[in-house]
Amino acid sequence: MMIIFSDDKDSARQDILSRIRFYAFPYSVHKSSIVGRGFLFLQSDSSLAVLSLPAPTMSNGKKYPKQRSVLLHWLTMKEFSSEVCMEDFELASVQKELKSAVESYNEEVEVPVLMRFRCGHVAVGIAPLVPDIKLCKMLGKEYYGSGKGSGAVQLNIDDM
């Protein structure tokens, strides 16, 4: 299963972000308050096409055999350059776009996002912060604690 047209890919990415926004964006706001300016790195071991399905049932009617999930990290550009690009040189190709997004986003209303899926699809962009910054701060503290939380967050799409 594959998504061919770029408009369909845009729509699928936006759909994924809208499903996880009440967890992903509070995580982003919370982590940025601790770590500093950076971006949300969303990755999945599922393809963009599989994640875009409303339910874990594939087009042939069979149930998707694995749990569909996304892994979220908040990274600074320094971490991206020194850790991620060293492990995955293909992501270095988006470094210029990503740096521009991180330098230009408005923390009060936007979040820079880097997405990578199993199918090889990679996207960089700036997403609108939904819910608003005040609610994201409150939810971030509630979900992820008030201390120096570290690590990634895994969200199981089918449990949402």
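Let me sum up the structure you'll find in this document. Keep in mind that this is a model prediction, so the values were computed, not measured. (Residues numbered from 1 in each chain as written. Predicted model: local features only at pLDDT ≥ 70, side-chain atom pairs only at ≥ 80, totals over all residues. Heavy atoms only, no water.)

A word on the overall build of the chain
The line we're drawing: Note on conventions: DSSP H or I runs of at least 4 residues are helices, E runs of at least 2 residues are strands, and numbering of each starts at the N terminus. Taken over C-alpha atoms, the radius of gyration is set against a globule rule of 2.2 Å times the number of residues to the power 0.38. Categorising residues by exposure relies on relative accessible area from a 1.4 Å probe, with only protein chains included: less than 20% of the type maximum marks a residue as buried, more than 50% marks it as exposed, and the intermediate range marks it as partly exposed.
The number of helices and strands found in the chain is 5 helices and 5 strands. Starting at the N terminus and walking to the C terminus, you meet the elements of the chain as α-β-α-β-α-α-β-β-α-β. Relative to its length of 160 residues, the chain is compact, with a C-alpha radius of gyration of 15 Å against a globular reference of 15 Å. Burial statistics for the chain: of 160 residues in total, 42% are counted as buried.

Describing helix H4 (residues 95–104)
Our working definition: The directions from the helix axis to the C-beta atoms are what the arc is built from. Any two residues whose heavy atoms approach within 4.5 Å at even a single point are treated as in contact.
Turning to H4, its buried residues number three or more, namely Leu 98, Ala 101 and Val 102. End-on view of H4: buried residues confined to an arc of 95°, all on one side of the axis. Exposed side of H4, more than 90 degrees from the buried face: Lys 96 and Glu 103 are the residues found there. Residues of H4 that are buried in the fold lie against strand S1 (39–43), helix H3 (77–87), strand S3 (110–116) and strand S4 (122–128).

Brief notes about the nonpolar core
The test is simple: Buried Ala, Val, Leu, Ile, Met, Phe, Trp, Tyr and Cys residues that are joined via side-chain atoms within 4.5 Å together make up what is termed a nonpolar core.
Counting residues in each nonpolar core, the largest one holds 29 residues, and the members touching the most others are Ile 20, Phe 25, Leu 40, Leu 42, Val 70 and Leu 72. Among the elements that make up this core, the one with the highest residue count is helix H1 (residues 6–35) (8 residues). Excluding anything up to four places from it in sequence, Val 70 contacts Ile 20, Leu 42, Gln 43, Ser 44, Leu 51, Val 153, Gln 154, Leu 155 and Ile 157. One finds Phe 39, Phe 41, Met 77 and Val 102 within the second-largest nonpolar core, a separate group that totals 12 residues.

Things to note about the packing of H1 against helix H5 (residues 133–144)
To keep things clear, this is the line we draw: Structural elements are reduced to axes, namely lines fitted to C-alpha atoms, with helices fitted over the stretch in contact, and the angle between N-to-C directions of any two is expressed from 0 to 180 degrees. Each angle is binned into one of four classes, with values under 35 degrees roughly parallel, values over 145 roughly antiparallel, values of 65 to 115 roughly perpendicular, and all other values oblique.
Running from N to C, H1 and H5 point in directions that differ by 90°, and their axes come no closer than 7 Å. Here H1 lies roughly perpendicular to H5, going by the angle between them. Between H1 and H5, the residues in contact are Phe 22, Tyr 23, Phe 25, Pro 26, Tyr 27, Val 29 and His 30 and Ile 133, Cys 136, Lys 137, Leu 139, Gly 140, Lys 141, Tyr 143 and Tyr 144, respectively.

A short note on unusual backbone geometry
Between Val 130 and the following residue, Pro 131, the backbone shows a cis peptide bond with an omega angle of 5°. For Pro 131, the position within the fold is in the loop between S4 and H5.

What about the sheet that holds strand S5 (residues 153–156)?
Heads up, the condition is: Any two strands are treated as partners once DSSP identifies two or more bridges connecting them.
Taken in spatial order, the 5 strands line up as S4-S3-S1-S2-S5 in an open sheet, and their pairing is mixed. The sheet is open, and its two edges are formed by S4 and S5, each paired on a single side. Ignoring strand direction, the axes of neighbouring strands in this sheet form an average angle of 25°. With 4 bridges connecting them, strand S2 (residues 69–75) and S5 associate as antiparallel partners. Counterpart to Ser 69 in the pairing with S5 is Asn 156. Strand contacts of H1: S1, S2, S3, S4 and S5, with the helix running at about 30° to S2, the strand carrying the most contacts. H4 contacts S1, S3 and S4 of the sheet and is inclined by roughly 10° relative to S4.

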